[in-house]
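Coordinate inspection notes
Each chain, letter by letter, is given below.
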Amino acid sequence: MIPMPVTIFFQLFRKILPVAATIGFVCWIYSSYGAWAYTFENKAEFFKLIGEHLVLVIISMTAAIGVGVTLGTIMTRRGMEKSASVIMAVVNVWQSVPSLGVIALAYGILPVLGMSGIGMVPALIALFFHAVSPIVRNTYAGIDGVSNDVIEAATGMGLTKRQILFQIELPNALPVIMGGIRTSSAIIVGTAPLAFLIGGGGLGFWIFTGIALVDMGIMTAGAVPVALLAMAIDYLLGLLEKTIVSKGILQDDYDLAV
Amino acid sequence: MGTMLSLQDVTKIYPGAGNLKAVDELSFDLQEGEICTVVGPSGCGKTTAMKMINRLISITSGKIYIDGENVARLNTIELRRKIGYVIQNIGLFPNMTIGENIAIIPKLLKWNKGRIEEKVLSLLEIVNLPPDMYRDRYPRELSGGQQQRIGVARAMAGDPPIMLMDEPFGAIDPINREHLQNEFLKIQEKVKKTIIFVTHDIDEAIKMGDKICLLKDGHLVQFASPEEMLVNPKNDFVSEFVGGDRTLKRLNLFTVKKAMQKNPPVVLKTETVGAALNRSKELGQECLIAIDKEGGFAGILNCKDTSFSPDVQVKDVMDPVRAWLPSHSSLKDGLSEIFTHDYGFLVVVDDARKVLGWLRTDDIKNTLKG
């Protein structure tokens, strides 16, 4: 055993210090440009904007997880090999479209389909489509990566397809699936401010207003909460991963924040 | 003891190129508690034959009965839960602890918690992995040999009457494999399962099997006990497959106890050398086995040596104990030991080192002659 003081020292340098430094830096920017004062003066608007922002992130994230995991799972079922390769090709191309492009596409394409290209719904659709691909891809790869021997043993012992999926395949693919979900969450949190551009609301309003007025206070009043939100979501997802992934397959704690 | 497993004209044809018969009208019966090793060159259909029993592969024609029930009539899932299944690459579930791996079938069979708990503990004891140390660990923390022991324990957890084992020790290094084989035979003595054991290794087939089923190109070539197959190989293919040293392989099938001669020429170690020499002349033996009062092995007196004074006691001039044979060791080990030491015979002792008999090369010859 390594003595306690040494481990604490090590942890301090590896985890706590970098995190504390980042948060400290962000807070310093926040207060020094007068963002805090601006937010305090516009409390009502702040809560409205952050509410919209959370709605954008949470709804598109939930939808992306639901659809992504389901689709990725279906793609691994027997007889789906051909469709799976087609879907993977689409998903891969889709992911290479930049965030701003996705927002612009929603603005341009949705009216063709008879929907409004402006407002929160198009923004949600754009975020969802942008975030679903890593989850599909990782779910497919994760389940596909479960060893054939494990599946053969389970089948031969008399587990049903359903039991194999829920007790063996999904739990063993979970670290890979969680990796996809964390990538998606980063994409969504990063793209959500752009929703403002097509009238989707959210903290992007202050960010873009600040940029337009060359007012660092307004800009950071929007940007800092977005950054903190990104960190919080990643931290929570990391925590979730540690809790739900079996210790038998947890490979390493690469995650600095947890 | 009834027929537990019966295959009747079981045939598997894979559609496609020439409708090749992977298994062709395979029939045999297996009694309860027997191990049948299925062996043959690769591509002979041994794994296919085995997988038709738990319907991982469908039967083209023919019937398989387990304990009188036609497996085709049973629900696949229920059927498989009644059959223990062990594969070469083990396939433990990485997300579950050792205990959970073993408990999976009992849980699906809806046993109550206490019974599952008890079963897990007793199985870990049986496969020699102390429950306290292993039940809460994960498969990745165990060595290959330990993992396969868990694989065997998991397969036995639902108390299946039948077990299918597909080259279970094939991926284990030779030293551990031998160890696991011996351990498994010990377990089998206790649990008496009916087992189909697929292997490509004829030595393993001979060692593990009560019956050997030798396949070639999907045909049954010979179904016999190991002894029968080694003594009377049905044709050239069989004798070639079992190897030119098949007589030597038979040595593995006998214990020293079976081949040894009882009533060896003994002498009490407290007797005088003169008396001993007379005794050896009477018996026509060049050596006498010196024993103590309790019959324990004390040494060997070489009576050809004429330099001994006839008045001293045997124990003062005898050769000290250098080697002996435990009565349960195999005849192969016995022969090897005899060749290692230069008496031309070895003393066979029981666990308390009391002399039971002696084993000479002629005794081995006679045993092999039958």
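Since this is a predicted model, take the numbers as computed values, not measurements.

**With respect to the overall build of chain B**
The number of helices and strands found in chain B is 16 helices and 17 strands. By the compact-globule yardstick of 21 Å for 370 residues, chain B is too spread out, its C-alpha radius of gyration being 26 Å. Across its three principal axes, chain B shows a C-alpha extent of roughly 85 × 50 × 35 Å. Taken over 370 residues, chain B has a buried fraction of 40%. For chain B, the proportion of contacts with a sequence separation of at least 24, taken over those separated by at least 6, is 63%.

**What to know about the overall build of chain A**
For chain A, the count of helices and strands is 10 helices and 0 strands. Listed N to C, the secondary structure of chain A is α-α-α-α-α-α-α-α-α-α in terms of helices and strands. Per-residue burial for chain A yields a buried fraction of 38% across its 258 residues. Of the contacts made within chain A by residues no fewer than 6 positions apart, 73% connect residues no fewer than 24 positions apart.

**Observations regarding the environment of B:Thr306**
Residues and elements named next belong to chain B. Turning to its location among the elements, threonine 306 is positioned in the loop between strand 13 (297-302) and helix 14 (314-317). In this structure threonine 306 comes out as exposed when scored by C-beta crowding, with 6 C-beta atoms within 10 Å. Threonine 306 sits 29 residues away from leucine 277 along the chain, and the two C-alpha atoms are 9.5 Å apart.

**Let's talk about the domain arrangement of chain B**
Residue and element names in this part refer to chain B. Annotation of chain B at the domain level lists domain 1 (3-253) and domain 2 (256-369). Taken over C-alpha atoms, the centre of domain 1 sits 43 Å from the centre of domain 2. On the domain 2 side, the residues contacting the 4 residues of domain 1 number 5 residues. The class makeup of the residues in the side of domain 1 that touches domain 2 is 1 nonpolar, 2 polar and 1 charged.

**A word on the interface of chain A and chain B**
With 16 residues of chain A at the interface, the matching set in chain B holds 19 residues. Counting only elements with at least two residues in the side of chain A that touches chain B, the list comes to helix 7 (148-157) and helix 8 (161-191) of chain A. Among the elements that take part in the side of chain A that touches chain B, helix 7 of chain A stands out by supplying 7 residues, more than any other. For the side of chain A that touches chain B, the residue count by class is 6 nonpolar, 7 polar and 3 charged.

**Remarks on the sheet that holds strand 14 (residues 319-320) of chain B**
Sheet strands line up and pair through hydrogen bonds in the backbone, either parallel or antiparallel. All names here are of chain B. The strand order across the open sheet formed by 4 strands is 11-12-13-14, and the pairing between neighbours is mixed. Two strands bound the open sheet, and with one partner strand each, they are strand 11 (266-268) and strand 14. One ladder, built from 2 bridges, connects strand 13 with strand 14; its direction is antiparallel. Looking at the pairing, isoleucine 300 lines up with aspartate 319 of strand 14.

**Section: helix 15 (residues 331-340) of chain B**
All names here are of chain B. Regarding helix 15, the residues found buried are Leu331, Gly334 and Ile338. Buried residues of helix 15, viewed axially, fall in a sector of 50 degrees; they line one side. Of the exposed residues in helix 15, those oriented more than 90 degrees away from the buried face are Ser336, Phe339 and Thr340. Next to the buried residues of helix 15 lie helix 12 (256-259), strand 15 (325-326), strand 16 (345-349), strand 17 (355-360) and helix 16 (361-369).

**Some points on the nonpolar core**
In this structure, A:Leu127, A:Ala195, B:Val38, B:Ala153, B:Ile196 and B:Phe197 are the most contacted members of the largest nonpolar core, which totals 128 residues. If one sorts the elements of this core by residue count, helix 6 (residues 120-144) of chain A sits on top with 11 residues. Discounting residues that sit within four places of it in the chain, B:Ala153 has contacts with B:Ile102, B:Leu123, B:Leu124, B:Ile126 and B:Val127. Within the second largest apolar cluster, 33 residues are counted, among which are B:Val267, B:Leu277, B:Phe297 and B:Leu301.

**Regarding the sheet that holds strand 17 of chain B**
All names here are of chain B. The 3 strands are arranged 15-16-17 in an open sheet whose pairing can be described as mixed. Pairing within the sheet leaves two strands with one partner each, and these edge strands are strand 15 and strand 17. Relative to strand 16, strand 15 runs parallel, the two sharing 2 bridges. Across the sheet, the residue bridging to proline 326 is valine 349, located in strand 16.

**Here we look at the packing of helix 6 of chain A against helix 8 of chain A**
All names here are of chain A. Look at helix 6 against helix 8: their axes get within 8 Å of each other, and the N-to-C directions meet at 160 degrees. With respect to their mutual orientation, helix 6 and helix 8 come out roughly antiparallel. In this structure, helix 6 meets helix 8 at a crossing whose hand is right-handed. Residues Leu127, His130, Ala131, Pro134, Ile135, Arg137, Asn138, Thr139, Ala141, Gly142 and Ile143 of helix 6 pack against Glu169, Ala173, Val176, Ile177, Gly179, Gly180, Ile181, Thr183, Ser184, Ile187, Ile188 and Thr191 of helix 8. Partitioning the contact of helix 6 with helix 8 into residue classes produces 12 nonpolar, 9 polar and 2 charged.

The rules behind each value
Residues numbered from 1 in each chain as written. Chains lettered and ligands numbered in written order. Predicted model: local features only at pLDDT ≥ 70, side-chain atom pairs only at ≥ 80, totals over all residues. Helix = DSSP H or I, 4+ residues; strand = E, 2+ residues; numbered from the N terminus. Rg over C-alpha atoms; globule rule 2.2 N^0.38 Å. Buried ≥ 20, exposed ≤ 12 C-beta atoms within 10 Å, placed from the backbone. Contact = placed C-beta atoms within 7 Å. Domains from an automatic or database assignment. Nonpolar A, V, L, I, M, F, W, Y, C, P; charged D, E, K, R; others polar. Pairing = 2+ DSSP bridges. Arc of directions from axis to C-beta. Core = buried A, V, L, I, M, F, W, Y, C linked by C-beta atoms within 7 Å. Axes fitted to C-alpha atoms, helices over the stretch in contact; angles between N-to-C directions. Parallel < 35°, antiparallel > 145°, perpendicular 65-115°, else oblique. Left-handed = near helix turned anticlockwise from the far one by under 90°.

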